[in-house]
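Below are the chains, spelled out letter by letter.
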Amino acid sequence: MTVLAIFLFIIGTLLVLIGALLILIGTFLITLGATLIVIGLALIAIGVFLLIRRLLRRDRTQSHSW
């Protein structure tokens, strides 16, 4: 009976530790995903800004001879 209790205690402890580790990994992955989304949105915004600026500059420079 004592061996069974020790075995169940060890298995339970391992399951709790694995569960805590998975929660930490999940939290890290959520944070990483949110960071990647923010970086992606920033890159899209910069790209759109540069494209719009280039298009507007083209419209202004068409009146020049070159």
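Residues numbered from 1 in each chain as written. Predicted model: local features only at pLDDT ≥ 70, side-chain atom pairs only at ≥ 80, totals over all residues. Heavy atoms only, no water.

## Here's the deal with the overall build of the protein
Turning to step 1, where the next piece is worked out: Of the regular secondary structure elements, the protein holds 1 helix and 0 strands.
Turning to step 2, where the next piece is worked out: For the protein, the residues scored as buried account for 0% of the 66 residues in total.
Turning to step 3, where the next piece is worked out: Summed over its atoms, the accessible surface of the protein is roughly 6,300 Å², and 80% of this surface lies on carbon and sulfur atoms. (Helix = DSSP H or I, 4+ residues; strand = E, 2+ residues; numbered from the N terminus. Buried < 20%, exposed > 50% of the residue type's maximum accessible area, 1.4 Å probe, protein only. Areas by Shrake-Rupley, 256 points an atom, 1.4 Å probe, with all protein chains shown as cover.)

## Remarks on the environment of Thr35
Turning to step 1, where the next piece is worked out: Position of Thr35 relative to the elements: it lies in helix 1 (residues 2-61).
Turning to step 2, where the next piece is worked out: Relative accessible area serves as the criterion here: at 38%, Thr35 is assigned to the partly exposed category.
Turning to step 3, where the next piece is worked out: Only 2.8 Å separates the side chain of Thr35 from the backbone oxygen of Thr31, close enough to count as a polar contact. (Polar contact = N/O pair within 3.5 Å; in protein donor to acceptor, adjacent residues only side chain to side chain.)

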